[in-house]
Amino acid sequence: MLIIGNGKLVTRDTQKPFFENGAVVIDGTKIAAVGVSADIKKAYPQAEFIDAKGGVIMPAFINTHEHIYSAMARGLSIKGYDPKGFLDILDGQWWTIDRHLTLEQTKYSALDTLIQSIRNGVTTVFDHHASFGHITDSLFTIADAAKETGIRACLCYEVSDRDGMDKAKESVMENANFIRYALKDDSDMLAGMMGMHAQFTISDETMELAAANKPEEVGYHIHVAEGIEDLHHCLQHYGKRIVDRLYDWNILGEKTLLGHCIYINPHEMDLIKDTNTMVVHNPESNMGNACGCPPTMELVHRGILTGLGTDGYTHDMTESFKVANVLHKHHLCDANAAWGEVPKMLFENNAVIANRYFKTPLGVLKEGAAGDVIVMDYNPPTYLDENNINGHILFGMTGHDVTTTVANGKVLMQDREIKVVDVEKVMAECRVESAKLWKSING
Ligand SMILES: [Zn+2]
């Protein structure tokens, strides 16, 4: 048994939202109780004790859109890369990288991303992977890294025709094989989805192949209207808007996650809402790629289940939280916008999204919920309780303040020290593999 106590405990459970000096006790993989530190210590005298030292104890973060394949892009300069628009960014940078990725490079990209996730207090990751340099077994390789680092992972491979039909087929089969493997895994730490890049790189033939090979228990994870080019392509080639095309292919539904949704209209929002489909917003990525600002506040107001991801841009959910907060105020010219919606996306909706794939309650500290807990080193200059915790996180905390990360009852990091892997060794290997990747790209 493990107690994490002596901190301001934020549970996200409406029944018992806050303890000024609280503790959470984990038995095996799940939370056994929450309460006042002294009472919990007395009730479980034999348990191991992690001292939060007066910091904030809260549920670990969930990232509902990540890209492991982007890990080795940091510091890379690609010869001749001079993007004039979003399609140039995709083809000139991201597809160029993933076309060269070997299985070994996917492994180290995964280890790096998952280590950074632990450092930022993220214990559940929905990844959308591409490595057209080596497709088969890529998801299994990432799953091994997830097991090694102790992260809960929902994985998929982004199917696309962009490198030819043989690779599109291989991608569909990688998804199908991995989904079947994950469905048999009873750890509640692994899940799979049918990954799709975006409709503009997927023909009807490939749509049909994906549908025919997707186990019915899972849905799709696909980029939607990230760039205006995606919408123009769909109108030109299929005479309909993107969400209509997805609806016609039976892709929408409560297990399906749509990334971005920047260029969608009210009719498409109705389809998303009526099918109970999930959406994930990635504010930094949208801004960095100059893609535009999605109508995220409207999606939330319409009751569409909308979460928050990082799109590989960062692994720190507090960064997405802060940027989403200012982006929508700026975009709507409304200083009152986003105060309630963005915290709801990060702290409520991401958990609902994750629990469409994982059985154990996530994003909450209460009896029976997953033993996914973080400690923030935080000494507030003002009063803190359940009513203003989101303001404290927004203006006072970053991922670097996470000192301890526990997932599924296992201590992954304590006092900033990663416990599950030899970080020095992994990073040294990462640098070796990334140098090989860069050489294969730039010659
Ligand atoms: Zn993405």
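Residues numbered from 1 in each chain as written. Predicted model: local features only at pLDDT ≥ 70, side-chain atom pairs only at ≥ 80, totals over all residues.

## Side note on the overall build of the protein
The test is simple: Counting from the N terminus, the helices are DSSP H or I runs at least four residues long and the strands are E runs at least two residues long. Restricting the calculation to C-alpha atoms gives the radius of gyration, and the globule rule supplies 2.2 Å times the number of residues raised to the power 0.38. Residue burial is a threshold on neighbouring C-beta atoms within 10 Å of the residue's own C-beta, all placed from the backbone, with 20 or more meaning buried, 12 or fewer meaning exposed, and counts in between meaning partly exposed.
The helix and strand tally for the protein stands at 15 helices and 18 strands. Taken against the 2.2 N^0.38 rule, which gives 22 Å for 443 residues, the C-alpha radius of gyration of the protein at 21 Å falls within 12% of a compact globule. For the C-alpha atoms alone, the extent of the protein along its principal axes is close to 65 × 45 × 40 Å. Here the protein holds 443 residues, and 54% of them are scored as buried.

## A closer look at the sheet that holds strand β8 (residues 152-155)
Each strand in a sheet pairs with another by means of backbone hydrogen bonds, the pair being arranged parallel or else antiparallel. To keep it simple, the criterion reads: Only strands that DSSP links by at least two bridges are regarded as paired with each other. Fitted lines through C-alpha atoms give the axes, limited to the stretch in contact for helices. The angle between two N-to-C directions lies from 0 to 180 degrees. Two residues qualify as being in contact provided that their C-beta atoms, derived from the backbone, are within 7 Å of each other.
Across the sheet, 4 strands lie side by side as β6-β7-β8-β9; this open sheet has parallel pairing. The open sheet terminates on both sides in strands that have one partner only, identified here as β6 (61-66) and β9 (190-192). Strand after strand, the sheet turns through a mean of 15 degrees between neighbouring axes, direction not considered. Sheet topology note: the strand β7 (residues 122-127)/β8 ladder contains 3 bridges and is parallel. Bridge assignment links F126 to a residue of β8, and that residue is C154. Where helix α4 (residues 138-149) meets the sheet, its contacts fall on β7, β8 and β9, and the angle it forms with β8 comes to roughly 170 degrees.

## Points about the domain arrangement of the protein
Convention followed: As used throughout, domain bounds are those supplied by an automatic or database domain assignment. When residue character is reported, Ala, Val, Leu, Ile, Met, Phe, Trp, Tyr, Cys and Pro are called nonpolar, Asp, Glu, Lys and Arg charged, and the others, Gly included, polar.
When the domains of the protein are assigned, the result is domain 1 (2-60 + 360-417) and domain 2 (61-354). The straight-line distance from the C-alpha centre of domain 1 to that of domain 2 is 29 Å. In this complex, domain 1 contributes 21 residues to the contact, which on the side of domain 2 involves 25 residues. Breaking the side of domain 1 that touches domain 2 down by element, the ones donating at least two residues are α14 (389-396), β16 (402-407) and β17 (410-414). In the side of domain 1 that touches domain 2, the residues fall into 11 nonpolar, 7 polar and 3 charged.

## So, the sheet that holds strand β11 (residues 220-224)
As summarised here, the arrangement of the 5 strands in space is β10-β11-β12-β13-β14, forming an open sheet in which the pairing is parallel. Only two strands of the sheet have a single partner each, and these edge strands are β10 (194-198) and β14 (306-308). Taking the axes of each pair of neighbouring strands and ignoring which way they run, one obtains an average angle of 25 degrees across the sheet. With 3 bridges connecting them, strand β13 (residues 278-281) and β14 associate as parallel partners. Along β14, the bridge assignment pairs V280 with G307.

## Some remarks on the environment of S131
On the secondary structure map, S131 appears in the loop between β7 and α4. S131 sits in the buried class, given 28 other C-beta atoms within 10 Å. Linking S131 and L101, residues 30 residues apart in sequence, is a C-alpha distance of 5.4 Å. Excluding its chain neighbours within four sequence positions, the residues that come into contact with S131 are Y69, D98, L101, T106 and S138.

## Section: the environment of E20
Mapping E20 onto the fold places it in strand β2 (residues 18-27). A sequence separation of 36 residues divides E20 from V56, and the C-alpha atoms of the two residues are 9.5 Å apart.

## Thoughts on the packing of helix α2 (residues 86-100) against helix α15 (residues 423-442)
Under the convention used in this document: Angles are sorted into four bins: roughly parallel if under 35 degrees, roughly antiparallel if over 145, roughly perpendicular if 65 to 115, and oblique for all others. Here a crossing is called left-handed whenever its near helix is offset anticlockwise from the far helix by less than a right angle, and right-handed whenever the offset is clockwise.
Running from N to C, α2 and α15 point in directions that differ by 115 degrees, and their axes come no closer than 9 Å. What the angle tells us is that α2 and α15 run roughly perpendicular. Crossing of α2 against α15: the hand is right-handed. Contacts between α2 and α15 pair T96, I97 and H100 from the former with L437, S440 and I441 from the latter. Across the contact of α2 with α15, the residue classes tally to 3 nonpolar, 3 polar and no charged.

## A word on unusual backbone geometry
Look at N6: it is not a glycine, yet its phi comes out positive at around 65 degrees. Relative to the elements of secondary structure, N6 occurs in strand β1 (residues 2-10). A count of 22 C-beta atoms within 10 Å places N6 in the buried class. The backbone of R416 sits at a positive phi, close to 70 degrees, despite the residue not being glycine. Within the secondary structure, R416 sits in the loop between β17 and β18 (417-418).

## Section: the nonpolar core
Condition: Throughout this description, the term nonpolar core refers to a group of buried Ala, Val, Leu, Ile, Met, Phe, Trp, Tyr and Cys residues whose C-beta atoms join them within 7 Å.
Core analysis: the largest hydrophobic core is formed by 137 residues, its most contacted members being I4, V24 and I57. When residues in this core are grouped by element, the largest group, 7 residues, is from helix α13 (residues 341-354). Counting residues domain by domain, this core receives three or more from each of domain 1 (2-60 + 360-417) and domain 2 (61-354). Not counting chain neighbours up to four residues away, the residues in contact with V24 comprise I4, L9, I31, V34, I57, L365 and V373.

## Here we look at the pairing of β1
Counting buried residues in β1 gives 9 out of 9 residues, a clear majority hidden from the surface. Bridge count for β1 against strand β5 (residues 56-59) is 2 bridges, and the pairing is parallel. Within β5, the residue paired with K8 across the bridge is V56.

## Concerning helix α12 (residues 317-332)
As a reminder, the rule being used: Given a helix with a known number of residues, its expected span is that number minus one, times 1.5 Å.
Compared with the 22 Å implied by 1.5 Å per residue over 16 residues, the 22 Å span of α12 between its first and last C-alpha is a close match. Just past α12, the residue C333 takes up positive phi, approximately 50 degrees.

## Comments concerning the confidence of the model for the protein
Definition in use: pLDDT expresses how confident the predictor is about each individual residue, on a scale running from 0 to 100.
On average, residues of the protein carry a pLDDT of 98, and 100% of them reach 70 or more. Predicted confidence in the protein is weakest over α2, with a mean pLDDT of 95, and strongest over strand β15 (residues 373-376), with 99.

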